[in-house]
Each structure stands twice: as C-alpha cells, then as structure tokens.
Amino acid sequence: MITLDRIEKRFGDNLVLKGVDLPVAEGRVTALIGPSGSGKSTLLRCVNLLEMPDAGRLAIGEIRLDFRPGAPPARRDVLAVRRQTGMVFQNFQLFPHRTVAENVMEGLVTVLQWPEARARARAMELLEKVGLAHKAPDWPASLSGGQQQRVAIARALAPSPRLLLCDEPTSALDPQLAAEVVAVLADLAREGMTMLMATHDLRLAESIAHDVAFLEGGEIVERAPPEVIFRRPVDPRTVRFVETLTGERTASRGAEEAQPPRS
Ligand SMILES: Nc1ncnc2c1ncn2[C@@H]1O[C@H](COP(=O)(O)OP(=O)(O)OP(=O)(O)O)[C@@H](O)[C@H]1O
Ligand SMILES: [Mg+2]
C-alpha cells in the first residue's frame, strides 16, 4: 500500500491541500476527480515531490517521509521517491530536440547512468508496448498528440516505477486520440500497474479505475469504486460535481455524433 497521510500544502496564505488522506492500493488504479483548483495536480506533484508537502506523511515501498515546515527530507530520500514514481503530464512534455527513442532513454542514461545500449533496448521494449516502435527515430513534433502521450507514458515507465502518476493524460486530446491513450493505460491497469491519475475523462475513470477519490477545496470528500461515485454518490458535494461531469459527457457525445461520417 502506498499511503498519503494528512498531506498539507500551502502556497503563501493559500492552504491548497488541507490534510489529504489517501491510500493507493498496489496493483490498482485510483482516479482523482474534482473541480478546477481543487488541488489534484498539486497532490500528484506532492507525491513525487515536485512540490514539497508542508505537513503529513508519505509511505511508498520502504520509504517513509515525514514532512515538517523548514525541515526538508534528505536528498537521498527525495531521489528515492522520484525513482519510484513516474509522471505523465497533460501536455506530454517531451524534449523537442530528441528523437522518440532518446526521450524514453533520457532518464535511464542521465539519472540512472545506464549504458546507452541497455537504455536503448529498454526504450524499444516500451515503445513496442505502446505501439510506437516504428516511430523510434522520429522527432516528437512529427507525431500526433495521442502518439506523443504514448511516448510520454513509455518514458515514465522506463525506470520501472512502483507508481505511475498521470495528470489529465487525455484532456489535451480529441476523443479519437484520447481513446488510443486510454487503451494503453487500460493495458497497464490490466497488468497490475499501480496508478494515481487526475482526470475529467469519465470514460477513462469508469473503464480503468478501481477507486475514485473526489477532491474539493483541498480535501477528499468521498472515495469509492467508480460505480458508486458516478451512479450513487453519497455526499451532496459529490452529487453536484458528478452532475456537471455527466453533463459535459453528454455534450461531448453530441458533438461527436454531429460530425459527418467518414467515407
Ligand atoms: N506553484 C503555485 N503557486 C501558487 N499557487 C499555486 C501553485 N500551484 C497551484 N496553486 C494553486 O493551488 C490551487 C490548486 O491548484 P491545482 O493546479 O492543484 O488544481 P487542479 O485541481 O489540478 O485544477 P485543474 O483541474 O484546473 O488542473 C489553485 O488555487 C492554484 O492556484
Ligand atoms: Mg490540474
């Protein structure tokens, strides 16, 4: 079990995470939903220490970190947590002047100091897995958004992290390209990859999440399996939010249907 315990994060006077408790079961997928500004990205960034929490505890693998203001954790522990957590961003964040293969190899070579040949072999294995081995020598800009995100997923998986963090992995993509990315994430979920992902994508959350946590105002309001959160949520705040999500989904379905059929 990976656990977040009473995690707090403030930016100036703004207490953005107000003591978040979240167990992330290993081998399972936890979706994080909530309105814009509720703290989803901040929470994910706190898990891989891109942001340093101000208080609380994080346990992942053998590592236990206690956060206190003014007492940052040891550098060694920070690096250890980062190695255990891969991150996939909304806007891919690939290096534009590196080939697809080099993007996947980058962390292995520079951070883990793997020999080039070993890193390349690992990159090819992962590109194969996301269906993009044939794009290995290409530049990221020549790929579709869905393909770029699949490369970013391969890159995040390269060092075999214990936990994959995904921040809105499909929201920059139109529905067809998002579906490619959902398929790759669904494969990973079936293989037992532990994931924590912020998403507005109902299809993604419903199809692959085992648990859904609803975050509002920096607090987890409700956590339950997707069929409960999306069909019979308990807390009135969850009910309100899920209604807005469902409304969005209905609207975007309408838009898809309005497109002319392909010949
Ligand atoms: N680096 C920062 N400096 C100051 N405030 C920040 C910073 N990052 C986030 N915040 C604030 O923290 C709050 C939570 O932001 P966060 O990006 O985590 O929300 P979110 O749930 O991911 O929203 P969205 O759905 O729009 O991505 C917001 O009020 C935001 O303005
Ligand atoms: Mg966000």
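Higher on the page you've got the structure.
What comes next concerns the included structure. (Residues numbered from 1 in each chain as written. Chains lettered and ligands numbered in written order. Predicted model: local features only at pLDDT ≥ 70, side-chain atom pairs only at ≥ 80, totals over all residues. Heavy atoms only, no water.)

### Side note on the overall build of the protein
Thought 1: Broken down by element type, the protein carries nine helices and ten strands.
Thought 2: Counting across all 263 residues of the protein, residues that qualify as buried make up 49%.
Thought 3: Once local pairs closer than 6 in sequence are excluded, the contacts in the protein between residues at least 24 apart make up 64%.
Thought 4: Positive and negative charge centroids in the protein, built from 33 and 34 side chains respectively, lie 3 Å apart. (Helix = DSSP H or I, 4+ residues; strand = E, 2+ residues; numbered from the N terminus. Buried < 20%, exposed > 50% of the residue type's maximum accessible area, 1.4 Å probe, protein only. Contact = heavy atoms within 4.5 Å. Lys, Arg positive; Asp, Glu negative; His and termini not counted. Charge placed at Lys NZ, Arg CZ, Asp CG, Glu CD.)

### Details of the site of ligand 1
Thought 1: Taken together, 13 residues form the shell around ligand 1, and within it Ser-36, Gly-37, Lys-40, Ser-41 and Thr-42 come nearest.
Thought 2: Separating an oxygen atom of ligand 1 from a backbone N or O atom of Ser-38 is a distance of 3.2 Å.
Thought 3: The contact in question runs from an oxygen atom of ligand 1 to an N or O atom on the side chain of Ser-41, over 2.8 Å.
Thought 4: Of all the elements in the fold, those that place two or more residues in the shell around ligand 1 are β2 (14–24) and α1 (40–47). (Near = heavy atom within 4 Å. Polar contact = N/O pair within 3.5 Å; in protein donor to acceptor, adjacent residues only side chain to side chain.)

### With respect to the pairing of β2
Thought 1: Bridging between strand β1 (residues 2–11) and β2 involves eight bridges; their strand directions are antiparallel. Across the sheet, the residue bridging to Ile-7 is Val-20, located in β2.
Thought 2: If you look at the hairpin formed by β1 and β2, you'll find two residues sitting between the two strands, and Gly-12 has a positive phi there, around 60 degrees. (Pairing = 2+ DSSP bridges.)

### Considerations on the pattern of salt bridges
Thought 1: If you walk through the whole model with that rule in mind, you get 14 salt bridges.
Thought 2: A salt bridge links Arg-150 to Glu-180; its shortest N-O distance comes to 2.7 Å. Taken together, the positions of Arg-150 in helix α5 (residues 145–157) and Glu-180 in helix α6 (residues 175–190) put the pair 30 residues apart, joining distant regions of the chain.
Thought 3: For Arg-150, a relative accessible area of 10% gives the class buried.
Thought 4: Through salt bridges with shared partners, a single network forms among Lys-9, Arg-45 and Glu-51. (Salt bridge = Lys/Arg side-chain N within 4 Å of Asp/Glu carboxyl O.)

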